[in-house]
Amino acid sequence: MINFLILPILIPFLTGILLIFFAKNVSLSRWIAGISSFITIIVSALLVQKVRVDGIQTLDVSNWQAPFGITLVSDMLSALLVLTTSIILFTCVIYSFKTISKEQERFYYYSAMNFLAVGVIGAFTTGDIFNLFVFFEVLLMSSYVLLVHGGSKIQLRESLKYILVNVISSALFVITVAYLYSVVGTLNMAHISVRLSEIGESGIVTVIAVLFLIVFGLKGAIFPLYFWMPGSYYAPPAPILALFGALLTKVGVYSIMRTYTLFFLNDKDFTHQLLGILAIITVIVGVIGAIAYSNIKKIVIYNIIVAVGVILFGVAVMTPESLTGSVSYLIHDMIIKAALFLLIGIIIAITGTSDLRKISGLIKRYPGLGWTFFIAALALAGIPPLSGFIGKLLIVQEGFKEEHYWGAGIVLMSSLLVLFSIMKIFINGFWGTPQAYKDEEAVPVRKLLVAPVILVIISVLYGAGSEFVLPYISQAAETLSNPSIYIEAVLKE
């Protein structure tokens, strides 16, 4: 029997190794990277369906039974995120064919992209808290390579900040795992949940919960730990920025979702209230940044911060419906942020600038680009029936129902301000007097549009086909709201 659980990790891992040997042959590297990422999508889709039909899938590595060995676990949340990651990897790979120079491609570009995917997919799949750290390091080492790829001054400057923050974060991660291990004596996530429930409410467990929030908050860019992100994400070219914006912060968000629904349930009045407060401040800070800037990259980057706050507010509310909303919004945001970063990459390629004040009238020459961006902008703001609507609606409804009036109200208001910030790009950049831009004729706009159009179509189908999608999302949220399902599947009790 094929074990689909390991294949989404194994395929990009083997592809990354293979591409090291063929790095100098750019044409062959492109074919290998493109075919491999497409196969990963197919395998991931089969995995989602298998979890839907047969329930949570587990794999005990080296046949060491849980909780003694490393266990890979694919519940519906993990499987959906793995599928979304595979789609984003594929679109970023094909977008890179026309945007990254051959000189850059020869320097192990596609290998680094595949190893990044290994780290992200592994983090979504692992059932071992220390193994989560290992996969974090895999994705971070790959991201260091991609961040400096091209060697521009701004990339080298921002990479120093990015590496320093993540080295500190990784050291704190190991220390926090050591504290947790000293309390529970196990690293298996399901077993940790059992041990913590036996301990009950404890001061040291609450401290560990806050430490994990700091560790994952640094990686997920929540207030006040988001300071590194706007500069670091501004530096790399569009396909790398799309990978970073869609995937890296979401691994931190996923880790908070997993630990705060599986581990830290004994002192929710403190831990989840703290998470909710930080989530709302994160939304406010992100909205202010998105409105304040006239740089198209910065506007979308600050909208990442808004989305992180919205998702984590749903986790803090901690009802089955709010968790359904958070899962739905998480997947939506991964898809639409990747699409937006690829679209603004085309705008920058045409105009040679990311300063909105120097761009106007693009829709006359590039109507396909303009209307694709318009649909993506509406989806980002959660306008019905597009993909962001259902998730945000569930989060806001549950916020009001649980009497988190301020938080739910701010999340609701943020939709209007997000729409304002992103429509600012559409109104100022696409309308107005058309301008001539240097070397715009050399930009293959139609070919570049293929990748973001795929993502925007998926986003539209995700929203319009919510009746089909919602059972999958609900199954993912059920595991979060009822940890015993996860525990029984892993420990076989």
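Residues numbered from 1 in each chain as written. Predicted model: local features only at pLDDT ≥ 70, side-chain atom pairs only at ≥ 80, totals over all residues. Heavy atoms only, no water.

Overview of the pattern of salt bridges
Okay, so step 1: Using the criterion set out here, one finds nine salt bridges in the structure.
Okay, so step 2: Between D75 and R258 there is a salt bridge, with its nearest N and O atoms 2.9 Å apart. Of this pair, D75 sits in the loop between β2 (71-74) and α3 (76-96) while R258 sits in helix α11 (residues 238-262), and the two are 183 residues apart along the sequence.
Okay, so step 3: The partner of K250 in a salt bridge is D333, with the nearest N and O atoms 3.1 Å apart. Here K250, found in helix α11, pairs with D333, found in helix α14 (residues 320-351); they are 83 residues apart in sequence, far enough to count as distant.
Okay, so step 4: For D333, a relative accessible area of 0% puts it in the buried group.
Okay, so step 5: Each of the salt bridges in this network shares a partner with another, and the network as a whole consists of R157, E158 and K161. (Salt bridge = Lys/Arg side-chain N within 4 Å of Asp/Glu carboxyl O. Helix = DSSP H or I, 4+ residues; strand = E, 2+ residues; numbered from the N terminus. Buried < 20%, exposed > 50% of the residue type's maximum accessible area, 1.4 Å probe, protein only.)

Focus: the environment of H272
Okay, so step 1: With respect to the element layout, H272 can be found in helix α12 (residues 268-292).
Okay, so step 2: In this structure H272 comes out as buried when scored by relative accessible area, which is 4%.
Okay, so step 3: Put simply, H272 and A316 are 44 residues apart on the chain and 4.9 Å apart in space, counted from C-alpha to C-alpha.
Okay, so step 4: Apart from residues lying up to four places away in sequence, H272 is in contact with Y260, F264, V315, A316 and M318. (Contact = heavy atoms within 4.5 Å.)

Let's talk about a nonpolar patch on the surface
Okay, so step 1: A cluster of nonpolar side chains, namely L10, F13, L14, I17, L18, I20, F21, F22, L28, F107 and Y108, defines an oily patch on the protein surface of about 980 Å² accessible area.
Okay, so step 2: Looking at the nonpolar patch, the element that brings in the most residues is helix α1 (residues 7-21), giving seven residues.
Okay, so step 3: Secondary-structure assignment places L28 in helix α2 (residues 26-54).
Okay, so step 4: The class for L28 is partly exposed, based on a relative accessible area of 32%. (Patch = residues over 30% accessible without salt bridge, like charges linked within 9 Å, V, L, I, M, F, W, Y side chains within 5 Å. Areas by Shrake-Rupley, 256 points an atom, 1.4 Å probe, with all protein chains shown as cover.)

Description of the environment of A246
Okay, so step 1: Relative to the helices and strands, A246 resides in helix α11.
Okay, so step 2: Sequence-wise, A246 and L274 are 28 residues apart; in three dimensions their C-alpha atoms are separated by 25 Å.
Okay, so step 3: Contact partners of A246, with chain neighbours within four places excluded, come to I88, M334 and A338.

A short note on the packing of helix α17 (residues 388-401) against helix α18 (residues 405-430)
Okay, so step 1: Their axes nearest at 7 Å, the elements α17 and α18 cross at an angle of 155°. For the element pair α17 / α18, the angle class is roughly antiparallel. The way α17 lies across α18 gives a crossing that is left-handed. Facing α17, whose interface residues are K392, V396, G399 and F400, α18 presents Y405, A408, G409, V411, L412, S414 and S415.
Okay, so step 2: For the contact of α17 with α18, a count of residues per class yields six nonpolar, four polar and one charged. (Axes fitted to C-alpha atoms, helices over the stretch in contact; angles between N-to-C directions. Parallel < 35°, antiparallel > 145°, perpendicular 65-115°, else oblique. Left-handed = near helix turned anticlockwise from the far one by under 90°. Nonpolar A, V, L, I, M, F, W, Y, C, P; charged D, E, K, R; others polar.)

Function cannot be inferred from these measures alone, as they are strictly geometric.
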